[in-house]
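Spelled out, the chains give:
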Amino acid sequence: MEAMDLRREELRSMHGAACRVKAAGLCWEELGCVNGADCRMKAVDLNRGGFRLGRNGAHVWGCWQGASHGFKQGSAGCVHGAVCSRGSLLFLRTTSKRAALRSLQGSVDFPAVEFEYGDTDSHGAELAARGRRWPELDTAQQRAHVLRLLEGLEVVSRERRLRAARAILYLAQGVFGDCESEGDVLHWSRHNSFLLYQLGTFSAFLELLSMEIDNSQACSSALRKPAISLADSTELRVLLSVMYLLVENIRVELETDPPEWKSCRETFRTELSFPGRSDEPFALLLFTMVTKFCSGHAPHFPMKKVLLLLWKVLLFTLGGFEALQTMKVRRREELGLPPLPEDSIQVMRSMRAASPPACSIELAEQPQKRGHRSRRPLMKQDSLDIYNERDPFKNDEAGVDEEESDEVDGGIEGELDLMERDALLPAMPAQRPPIERVSFPKGLPWAPKVRQKDIEHFLEASRNKFIGFTLGQDTETLIGLPRPIHESVKTLKQHKYVSISDVQIKNEEELEKCPMSLGEEEVQETPCEVLYRAMLYNLPQYMIALLKILLAAAPTSKAKTDSINILADVLPEEMPITVLQSMKLGIDVNRHKEIIVKSISALLLLLLKHFKLNHIYQFEYVSQHLVFANCIPLILKFFNQNIMSYITAKNSISVLDYPHCTVHDLPELTAESLEAGDNNQFCWRNLFSCINLLRILNKLTKWKHSRTMMLVVFKSAPILKRALKVKQAMMQLYVLKLLKIQTKYLGRQWRKSNMKTMSAIYQKVRHRMNDDWAYGNDIDARPWDFQAEECTLRASIEAFNSRRYDKPQDSEFAPVDNCLQSVLGQRLELPEDFQYSYELWLEREVFSQPIRWEELLRYQ
């Protein structure tokens, strides 16, 4: 275990082979120790130069030193014969141990005993001190070994601490040397993670991590080096790997988990969410590492592991998307709001992707398509409104399979250049003649929503038209309006949606108006609230640091001299000298960047969604700083590439992935096998990153017309249209949302030449009943001072932060002590320099100032 240096998230051997650890004192074929743990020093090892006594009785078959062999004392010779892995010498049964040793000494000189005295034996031997494999030990024995390793973390020597930490990392990885299958490795990794946490391993590693962060010697050494490599972050990578494995294994819930594991999970979540001995949650320590790395003070920090751990900690403490949906339903019930019209997660899972751009074969069939469509019956617009029709060109024809109809109704082909079309798509099957029967259009996937503001705008326009004056925000008085207006208002109110954000904004306005009568707000102490309060004063730096790393990891970014080095924990000390080594390093670098993009996009989306649910102004504060840090053009720059190539990239070597590499013999890697890659249709993490970035962009621009104009100014429409080539329903949905909000600004000619995109928006995106997005006649499309909109929002955010989080010492509503005796009786700590100049202060501020008795009497 001392020589184990793991690559790829510490999960593989430095030499590409899994490190095998055998138990001490085992006979060959694992038939048990001859004399138990007492057989140490009674074994003979085969070495290259002859025989010598081994340090223990471990049967390390295939060890570089040879094969060790145990002899039973007082018996008729050796228990089992063993063949040396480095020679052909066969141990035969002899009449006694003494005869065996005499025969050995007769053939080869007996070497000196190379014994190194210390507190403990090697960690592999200590783990198997009873002569059995780790899975064969009972819980008490496993706990004893873990406690012994934890004691090794408290020694002064860095080398010995690192050795103990690596032994614990081996346990957290699933003691793969004693496992036969990948399932066994994952089982023991999960089992050992709970065992390690119950014995206080995470707290011990947290202290070590804090020591490494504050290690100024390592920081200064890294700053002096011209090139930083893996060797500069060995200790940090081992610590972060163990903590990541603990968080990830304990976070995942299984139905078969015993009750003590469930209680352990809740305890761990509480420990990570709320500050314990320190004044900050654990996630804030990781955010601090990110900012310290981006500032250049600690360039050796392994950012990939830090960001992965930060993402999983936020996912564990705050909750994932399904937990967020459950919290949203519960919060609406607490506020007395009607339930959600649908579960957005389930709706998106049931949606089908529209067909990507057509290939050349499909272009040849365009006349046939047009002729087929022309034979379809036309429907009046009122019929479409009555049935909430999904597609005016789509009939439910028997015999037409889903994929064909999907190609027809959801196609957005013909809109992209011929060079951008995907030639890998299969040819469209021949069109069947339509069947004469009555059919009704399908419903839209989303229920329409109407805001209170939309109803007010509709009534204001109607009153100006028919009456000549308005009634402000009154939505109940309909006197003087024609009957169709009454029906319209009724329909709008049936689909009215009041969000949690609307209630929070209204409550905040009331608290600002009446701070004394409404009293102090009761703030629930949730993990999200604790995290926001801890991040508040350094939140701009955190957002800027994350976007800096995202920019450096983006595939479209070019290397610059002033950019940060995110490859410090992937580059080896010695650069590759062969083509194969260069290819492996290139794959590692690309994979490294992809994991960083995945982590940052996921944690930013989690923060935005949870802050929005906790309080809308917390979400707006994070959003505004992301916008100020140029997050919108950064995401657009990320998508300004061949997105299909990015989605299908194969920057991984499957045979080196955990846990496959730990239990299988590694094949010989060649340049051809590296170029071929795996057989997956797409790269999960890259598609996941793209969807997350699109969702972040949607959240930043939704209902913000100034930010929507940024999308128009940066010419995002052609970039987003290229992303529609990815045939994945969720990704297409968020691309269409972004196109919908800027359609009114793109002009009539754009809408005319992109009618199939407009049709796809109609099919898949939620409708706002009086949102005139397709024609550009909306009042929100008129130009105004966009800077004023951001300034107003910023003033509201600052008022919220000041009211809830600033100490009210300087507030005009703070209580004042009017009792002279209590004021004069308070002890004030005066600085030393003031005590030296006390007489001068009295002369200047008291004796030389005339007393204005008139003003004093007036105030009394």
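Residues numbered from 1 in each chain as written. Predicted model: local features only at pLDDT ≥ 70, side-chain atom pairs only at ≥ 80, totals over all residues. Heavy atoms only, no water.

**A short note on the overall build of the chain**
Across its full length, the chain carries 40 helices and 3 strands. Across the 860 residues that make up the chain, the buried fraction comes to 47%. Expressed as a percentage of contacts within the chain between residues at least 6 apart in sequence, the contacts between residues at least 24 apart total 74%. About 45,800 Å² of surface is accessible on the chain, with carbon and sulfur atoms providing 53% of the total. (Helix = DSSP H or I, 4+ residues; strand = E, 2+ residues; numbered from the N terminus. Buried < 20%, exposed > 50% of the residue type's maximum accessible area, 1.4 Å probe, protein only. Contact = heavy atoms within 4.5 Å. Areas by Shrake-Rupley, 256 points an atom, 1.4 Å probe, with all protein chains shown as cover.)

**Quick look at the nonpolar core**
Within the largest apolar cluster, 163 residues are counted, with the highest numbers of intra-cluster contacts made by Phe282, Met543, Ile549, Phe639 and Met731. A total of 14 residues in this core trace back to one element, the largest contributor, which is helix α24 (residues 579–614). Not counting chain neighbours up to four residues away, the residues in contact with phenylalanine 282 comprise Phe202, Leu206, Leu209, Met243, Leu272, Leu309 and Val313. Counting 8 residues, the second largest nonpolar core, distinct from the first, contains Val450, Leu478, Val489 and Leu492. (Core = buried A, V, L, I, M, F, W, Y, C linked by side-chain atoms within 4.5 Å.)

**Looking at a nonpolar patch on the surface**
On the surface, a nonpolar cluster with roughly 340 Å² of combined accessible area is contributed by Phe466, Ile467, Phe469 and Leu471. In this structure, phenylalanine 469 sits in the loop between α18 (452–466) and α19 (483–494). What makes phenylalanine 469 partly exposed here is its relative accessible area of 46%. (Patch = residues over 30% accessible without salt bridge, like charges linked within 9 Å, V, L, I, M, F, W, Y side chains within 5 Å. Salt bridge = Lys/Arg side-chain N within 4 Å of Asp/Glu carboxyl O.)

**Structural notes on helix α11 (residues 303–318)**
For α11, built from 16 residues, the straight-helix expectation of 22 Å at 1.5 Å per residue is met to within 8% by its first-to-last C-alpha distance of 22 Å. Immediately beyond the C-terminal end of α11, within one or two residues, lies glycine 319, with a positive phi of roughly 110°. (Expected span 1.5 Å × (residues − 1).)

**Overview of the packing of helix α31 (residues 705–713) against helix α36 (residues 786–805)**
The geometry of α31 relative to α36 is characterised by a closest axis approach of 8 Å and an angle of 135° between their N-to-C directions. On the basis of their axis angle, the class for α31 and α36 is oblique. Where α31 approaches α36, its residues His705, Ser706, Arg707 and Met709 are matched on the opposing element by Phe786, Glu789, Glu790 and Leu793. The residue makeup of the contact of α31 with α36, split by class, is 3 nonpolar, 2 polar and 3 charged. (Axes fitted to C-alpha atoms, helices over the stretch in contact; angles between N-to-C directions. Parallel < 35°, antiparallel > 145°, perpendicular 65-115°, else oblique. Nonpolar A, V, L, I, M, F, W, Y, C, P; charged D, E, K, R; others polar.)

**A word on the packing of aromatic side chains**
Under the definition given, this model contains 17 aromatic pairs. Between tyrosine 532 and phenylalanine 611, the aromatic rings sit 5.3 Å apart at their centres with planes inclined by 75°, giving edge-to-face as the arrangement. Taken together, the residues span a long stretch of sequence, with tyrosine 532 in helix α22 (residues 527–535) and phenylalanine 611 in helix α24 at a distance of 79 residues. Of the two residues, tyrosine 532 and phenylalanine 611, both sit in the buried class. Residues tyrosine 838 and tryptophan 841 carry aromatic rings whose centres are separated by 6.5 Å and whose planes lie at 15° to one another, so their mutual orientation is stacked. Taken together, the residues span about one helical turn, with tyrosine 838 and tryptophan 841 both in helix α39 (residues 838–847) at a distance of 3 residues. On the accessibility criterion, tyrosine 838 (39% relative accessible area) is partly exposed. The rings of Tyr532, Phe611, Tyr617, Tyr621, Phe800 and Tyr805 are connected pair by pair, giving a single aromatic cluster. One Lys or Arg, lysine 449, reaches over the ring of tyrosine 497 and ends 3.8 Å from the middle of that ring. (Phe/Tyr/Trp six-rings, centres within 6.5 Å; stacked < 30°, edge-to-face > 60°. Lys NZ or Arg CZ within 6 Å of the ring centre and 35° of its normal.)

**Points about the side chain of histidine 610**
Tracing the backbone shows histidine 610 in helix α24. Side-chain polar atoms of histidine 610 contact the backbone oxygen of glycine 319, separated by 2.8 Å. If we ignore the near neighbours within four places in the chain, the residues touching histidine 610 are Leu318, Gly319, Gly320, Leu324, Met327 and Cys528. (Polar contact = N/O pair within 3.5 Å; in protein donor to acceptor, adjacent residues only side chain to side chain.)

**So, the side chain of aspartate 569**
If you trace the backbone, aspartate 569 turns up in the loop between α23 (539–553) and α24. Separated by 3.2 Å, the side chains of aspartate 569 and histidine 592 make a polar contact. The contacts of aspartate 569, once residues within four sequence positions are left out, are Leu230, Ser233, Arg237, Pro302, Met303, Lys304, Lys305 and His592.

**Things to note about the confidence of the model for the chain**
With 71% of its residues at a pLDDT of at least 70, the chain reaches an overall mean of 77. Considering only residues more than four positions removed or in separate chains, one finds that residues 1–108, a stretch of pLDDT under 50, has 239 contacts. Taken together, the stretch residues 126–131 has pLDDT below 50 and engages in 21 contacts with residues farther than four places along the chain or on a different chain. (pLDDT = per-residue confidence, 0-100.)

**A word on helix α9 (residues 259–273)**
In a regular helix each residue adds 1.5 Å, so 15 residues correspond to 21 Å; α9 covers 21 Å between its end C-alpha atoms and thus fits that length. Three or more residues of α9 are buried, namely Trp261, Cys264, Arg265, Phe268, Arg269, Leu272 and Ser273. Across the axial projection of α9, the buried residues extend over an arc of 160°, all falling on one side. Contacts made by the buried residues of α9 are with α5 (182–198), α6 (201–213), α8 (234–251), α10 (282–294), α11 and α22. (Arc of directions from axis to C-beta.)

**Some details on the pattern of salt bridges**
Enumeration over the complete set of coordinates arrives at 26 salt bridges. A salt bridge links aspartate 257 to arginine 265, with the nearest nitrogen and oxygen atoms 2.7 Å apart. Note on arginine 265: relative accessible area 3%, which makes it buried. Notably, a salt bridge pairs glutamate 342 with arginine 766, separated by 2.9 Å at the nearest N-O pair.

**Considerations on the packing of α23 against α24**
Where α23 meets α24, the closest approach of the two axes is 9 Å, and the angle between their N-to-C directions is 145°. At the point where α23 passes α24, the crossing takes the left-handed sense. Taking contact as the criterion, the partners of Met543, Leu546, Leu547, Ile549, Leu550, Ala552 and Ala553 in α23 are, on α24, Lys593, Ile596, Val597, Ile600, Leu603, Leu604 and Leu607. Its residues placed into classes, the contact of α23 with α24 shows 13 nonpolar, no polar and 1 charged. (Left-handed = near helix turned anticlockwise from the far one by under 90°.)

**Here's the deal with unusual backbone geometry**
Here the amide bond leading from tyrosine 658 into proline 659 is cis, since omega sits at 0°, within 30 degrees of zero. Here proline 659 lies in the loop between α27 (643–647) and α28 (660–663). In this structure, asparagine 630 takes a positive phi of about 65° despite not being glycine. With phi around 55°, lysine 715 is a residue other than glycine that occupies positive phi space.

**Regarding the environment of leucine 711**
Within the secondary structure, leucine 711 is located in helix α31. Judged by its relative accessible area of 0%, leucine 711 is buried. Residue contacts for leucine 711: discarding those within four places in its chain leaves Ile632, Leu636, Leu697, Thr701, Ser716, Leu738, Ile741 and Gln742.

**Comments concerning the environment of lysine 725**
Relative to the elements of secondary structure, lysine 725 occurs in the loop between α32 (716–723) and α33 (729–743). Sequence separation between lysine 725 and methionine 644 is 81 residues; the distance between their C-alpha atoms is 7.2 Å.

**Brief notes about the environment of alanine 164**
Structurally, alanine 164 is set in helix α4 (residues 158–172). With 13 residues separating them in the primary sequence, alanine 164 and glutamate 151 have C-alpha atoms 8.6 Å apart.

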